[in-house]
Amino acid sequence: MVRHSSRIELSLSALNKNIRFIREKTGPDVIFSSVVKANAFGHGIDPFVPMAEKCGIRHFSVASSYEAYEVISARKAGSHVMIMGILYDSDLEWVIENEVEFFVYDLQRLEKARDVARKMGKKAIVHLEIETGGNRTGLPEAELGKAVRFISRNGDCITYAGFCTHFAGIESLANQFRVNRQLNKFSELYARSTKNGVKPLLRHTASSAAALAFPETVMDLVRVGTSQFGLWPSPDIYNLHLQHTGNVKDSPLTRVLTWKTDIMHVKNIKKDEFVGYGTSYQAEHDMTIAVLPIGYSNGYPRALSNKGEVLIHGKKAPVIGLVNMNVFMVDITSIPQARPGDEVVLIGRQKKNDITIRSFSEFTNLINNELVSRLPAAIPRSEVR
Ligand SMILES: *Cc1c(COP(=O)(O)O)cnc(C)c1O
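About the criteria used
- Residues numbered from 1 in each chain as written.
- Predicted model: local features only at pLDDT ≥ 70, side-chain atom pairs only at ≥ 80, totals over all residues.
- Heavy atoms only, no water.
- Phe/Tyr/Trp six-rings, centres within 6.5 Å; stacked < 30°, edge-to-face > 60°.
- Helix = DSSP H or I, 4+ residues; strand = E, 2+ residues; numbered from the N terminus.
- Buried < 20%, exposed > 50% of the residue type's maximum accessible area, 1.4 Å probe, protein only.
- Domains from an automatic or database assignment.
- Contact = heavy atoms within 4.5 Å.
- Buried area = accessible area lost by both parts, 1.4 Å probe.
- Salt bridge = Lys/Arg side-chain N within 4 Å of Asp/Glu carboxyl O.
- Polar contact = N/O pair within 3.5 Å; in protein donor to acceptor, adjacent residues only side chain to side chain.
- Arc of directions from axis to C-beta.
- Pairing = 2+ DSSP bridges.
- Axes fitted to C-alpha atoms, helices over the stretch in contact; angles between N-to-C directions.

**Student:** What's the story with the packing of aromatic side chains in this structure? I'm lost.
**Tutor:** The relative placement of two aromatic rings is captured by the distance of their centres and the angle of their planes. Tallying each qualifying case throughout the model produces 11 aromatic pairs. Relative to Phe-186, the ring of Phe-163 lies with its centre 5.2 Å away and its plane at 55°, an arrangement referred to as tilted. A residue pair is termed long-range when its members are at least 10 positions apart, and Phe-163 in strand S7 (residues 158-164) and Phe-186 in helix H8 (residues 176-193) qualify at 23 residues. Accessibility expressed as a relative area gives 0% for Phe-163, which makes it buried. For Phe-186, a relative accessible area of 1% translates into the label buried. Ring plane angle 45° and centroid distance 6.3 Å describe the contact between Trp-259 and Tyr-300, whose orientation is recorded as tilted. A residue pair is termed long-range when its members are at least 10 positions apart, and Trp-259 in strand S10 (residues 257-262) and Tyr-300 in the loop between strand S12 (287-292) and strand S13 (309-312) qualify at 41 residues. The residues Trp-259 and Tyr-300 share a single accessibility class, namely buried. Three or more aromatic residues joined by ring pairs make a cluster, and in this case those are Trp-259, Tyr-300, Phe-328 and Phe-360.

What follows is the structure, given as structure tokens:
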């Protein structure tokens, strides 16, 4: 096996703990749909889906038909898959054949799905995604009556699985007025659309932040991404949790991901020498540096040039000079025992120290999800306890 320059480990015990905590918040009867779009937020669909199944998850949500295909390749038979985003007409046949559920937000898609389903003699499983004020995708209010009548008339070809919406920024308390308007609109439209007795199997609106902090948004199913990976959706949601528990500190969510590499090369340099490209770092004293085989092409942000830190032998080693495409340098003057081949932690814990994903956002403007979801798919991922 040819070796990659870094590796990702995924903790099953952390995932189990996170899912249990979120389930406590939602109650046991709500379907937990694990959102695994963007290669499971960079954790890797292939290893992550079976891990989630070990924690009792049997429903997965993705952003595209291609991701649905990836989940189907990784899942156990019987786990459900739902597409919340892009689905091309040319993939409808594959989707219906594989009983993949999908969001519908216009009448054309409904007609097309009916036509394909009829031809195949198999039902399309649809969730009506309702426009409630987010103004992303969503079926306009004016088309709702028509859509429900269409589903009702074509019950032999369409399973009316869901009635749903997505909040526009529920992780931030500043958006609360907007979220409340969306929730009211959702209830009003649900009541109106079911007046004639045509009802969906499920109602759902909640993402991580909603499921953790706003019980009124938790209905029959929750679509949980960020928090299952042990990441808080925002400081607001963490603070609401603390308020709710009355604790000043609590850590019910544990990061699932650890990202590691190893030292590629070690060298001693003299005071006044420059390190790497350009003149952004000049040694203030004689020092020892380590070269790491990781750069911005591997997902390590260039914005951490002269700012980031990694862990070696449990100690923090600061990034010096620019992060290049495939390498960067760290100062190991205070870690004299470091040798080529020694383990380096880029994200995660080593002995008593920890590099958090949040620490990256402080220097880079990258939000948690942006950083992890961009970790290249080629990095090998493995499950650990
Ligand atoms: C990404 C996404 C979610 C999950 O959001 P998190 O905040 O990561 O839990 C839920 N619903 C939809 C429609 C999404 O696009």
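**Student:** What should I look at first to understand the domain arrangement of the protein chain in this one?
**Tutor:** Many authors give the size of an interface as the accessible area that is lost as the parts come together. Here the protein chain is partitioned into domain 1 (6-245) and domain 2 (258-355). The C-alpha centroid of domain 2 is placed 41 Å from the C-alpha centroid of domain 1. Listed as interface residues are four residues of domain 1 and, on the opposing side, seven residues of domain 2. When domain 1 packs against domain 2, the two sides together hide about 540 Å² of surface, and 36% of this comes from carbon and sulfur. In this structure, the connection of domain 1 to domain 2 is made through two salt bridges. Measuring nitrogen to oxygen at the nearest pair gives 3.1 Å for the salt bridge that ties Lys-260 to Glu-9. On the surface where domain 1 and domain 2 come into contact, there are five residue pairs in polar contact (both at pLDDT 80 or more).

**Student:** Looking at this structure, how should I read helix H7 (residues 141-153)?
**Tutor:** Quick reminder: α-helices carry 3.6 residues per turn. Residues three or four places apart thus point the same way. Listed in full, the buried residues belonging to H7 are Leu-144, Ala-147, Val-148, Phe-150 and Ile-151. Considered in projection along H7, the buried side chains sweep an arc of 160° and stay on one side of the axis. For H7, the exposed residues set more than 90 degrees away from the buried face come down to Ala-142, Lys-146, Arg-149 and Arg-153. Contacts from the buried residues of H7 go to helix H6 (107-120), strand S6 (124-129), S7 and H8.

**Student:** Is there a simple way to explain the sheet that holds S7 in this structure?
**Tutor:** Paired through their backbone hydrogen bonds, the strands of a sheet run either parallel or antiparallel. Ordered by their spatial adjacency, eight strands build an open sheet running S8-S7-S6-S5-S4-S3-S2-S9, and the pairing between neighbours is parallel. Looking at strand neighbours, the two that pair on one side only are strand S8 (202-204) and strand S9 (221-224), the edges of this open sheet. Pairwise comparison of adjacent strand axes, ignoring direction, gives a mean angle of 30° for this sheet. Looking at chain direction, strand S3 (residues 59-64) and strand S4 (residues 80-86) are connected through five bridges and run parallel. Of the residues in S4, the one forming a bridge with Ser-61 is Met-82. On top of the sheet, H8 reaches S7 and S8; it is set at about 150° to S7, its chief contact.

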